[in-house]
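# Chain and residue survey
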Amino acid sequence: EFIVHVGDAKDVAGQLATKDSVSAYMVSGRNTVFLEEPNLEDLPMGDLSKACAAWVSADTLLWDIPAKGSDGSMNQVQMYAGSELEVVGGAGGGVVGDVYVAYDLEWVEGGPSPEVLEKFPHFAGYTAFRLREDLDKSVLKYQLAVGAVSAEG
C-alpha cells in the first residue's frame, strides 16, 4: 500500500500486490493504479459518485463550470436520465449507460437569479442552466447526470 502526496496533502492512495519489480502509474485525483502508462485523453473527466451540479429550482441547475470553453465557444451541456450511468473517456466517451433521455440545457446569462442566491449563497459564482419547459417529469425516477462538452471535445 502507498500514498502519494502533493506537498503535505494526500493526493491519491493505492495498493499493488506483487513480488515482482514493476512500474506503476498514478494520475492525480484518482486512486487507480495503472500498470501501463495511461493515455490521459482516454480517462473520464468526471465522477458521478460526487454531486457537482445542484438543482435549485423547478427549472434551474447550477454547476461550477464555465459556460464557455477556452476557445470562447459555448460548452454543450446536457442532463441525462437513465440507469447505470457512468462517465467514460476517449472517443465516444461522456455519460453512457442505459440512457433513457438526454436534454439540452440552456445557459442563463448573468448566472443564478438573486432569489436563488438569497436561498443558496454558497453557489455564488456558479454557472446557471435552464431546463427545457417540455422536460418530462417522469425522468425524476431515474438516475440523473449532467455532462458538458466543449467545442474542443
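Going by the structure above, here's the rest.
Predicted model, so just to flag it, every value in this text is computed and none were measured.

## What to know about the pairing of strand 2 (residues 9-14)
In this structure, strand 1 (residues 2-6) lies alongside strand 2, joined through five bridges in antiparallel fashion. Paired with His5 across the two strands is Lys10, which belongs to strand 2. Linking two consecutive strands that pair antiparallel, namely strand 1 and strand 2, is a turn of two residues; a positive phi of about 65 degrees is found at Gly7 within it.

## Considering the side chain of Thr60
As for its placement among the helices and strands, Thr60 is situated in strand 4 (residues 60-63). For Thr60, the side chain forms a polar contact with the side chain of Asp59, separated by 3.0 Å.

## Observations regarding the sheet that holds strand 9 (residues 143-149)
In sheet architecture, strand pairing relies on hydrogen bonds along the backbone and comes in two forms, parallel and antiparallel. Judged by pairing direction, the sheet is antiparallel, and its three strands sit side by side in the order 6-5-9 without closing on themselves. The sheet terminates laterally at strand 6 (94-104) and strand 9, the two strands that pair on one side only. The average undirected angle you get between the axes of adjacent strands in this sheet is 40 degrees. Alignment of strand 5 (residues 76-88) against strand 6, held across nine bridges, turns out to be antiparallel. By the bridge assignment for strand 6, Gln78 is matched with Asp104.

## Things to note about the packing of aromatic side chains
Within this structure, the stated rule accounts for two aromatic pairs. When the ring of Phe120 is compared with that of Phe123, the centres are 6.1 Å apart and the planes differ by 55 degrees; the resulting orientation is tilted. Ring geometry for Phe123 versus Tyr126: centroids 5.0 Å apart, planes at 65 degrees, classification edge-to-face. Overall, Tyr126 belongs to the partly exposed group, its relative accessible area being 21%. Linked through ring pairs, Phe120, Phe123 and Tyr126 together constitute an aromatic cluster.

## Looking at the sheet that holds strand 3 (residues 53-57)
Ordered by their spatial adjacency, four strands build an open sheet running 3-4-8-7, and the pairing between neighbours is antiparallel. Each of the sheet's edge strands pairs with one partner strand only, and the pair in question is strand 3 and strand 7 (106-108). Sheet twist, expressed as the average angle between the axes of neighbouring strands with direction ignored, equals 35 degrees. The sheet contact formed by strand 4 and strand 8 (residues 127-130) spans four bridges and is antiparallel. Paired with Trp63 across the two strands is Thr127, which belongs to strand 8.

## Remarks on the environment of Lys10
Locating Lys10 in the fold gives a position in strand 2. Each residue touching Lys10, except ones within four places of it in the same chain, is listed here: Ile3, Val4 and His5.

## Quick look at the pattern of salt bridges
Oppositely charged side chains can pair when the atoms bearing their charge come close. Considering all chains together, one arrives at three salt bridges under this definition. Among the salt bridges present, the one from Arg132 reaches Asp134, with a minimum N-O distance of 2.9 Å. Judged by relative accessible area, which is 37%, Arg132 ranks as partly exposed. Among the charged side chains, a salt-bridge network with shared partners connects Asp59, Glu106 and Arg130.

## Considering the pairing of strand 3
Sheet topology note: the strand 3/strand 4 ladder contains four bridges and is antiparallel. Its bridge partner being in strand 4, Ala54 is matched across the sheet by Leu62. The turn joining strand 3 and strand 4, which pair antiparallel and follow one another in sequence, is formed by two residues.

Criteria and cut-off values
Residues numbered from 1 in each chain as written. Predicted model: local features only at pLDDT ≥ 70, side-chain atom pairs only at ≥ 80, totals over all residues. Heavy atoms only, no water. Pairing = 2+ DSSP bridges. Helix = DSSP H or I, 4+ residues; strand = E, 2+ residues; numbered from the N terminus. Polar contact = N/O pair within 3.5 Å; in protein donor to acceptor, adjacent residues only side chain to side chain. Axes fitted to C-alpha atoms, helices over the stretch in contact; angles between N-to-C directions. Phe/Tyr/Trp six-rings, centres within 6.5 Å; stacked < 30°, edge-to-face > 60°. Buried < 20%, exposed > 50% of the residue type's maximum accessible area, 1.4 Å probe, protein only. Contact = heavy atoms within 4.5 Å. Salt bridge = Lys/Arg side-chain N within 4 Å of Asp/Glu carboxyl O.

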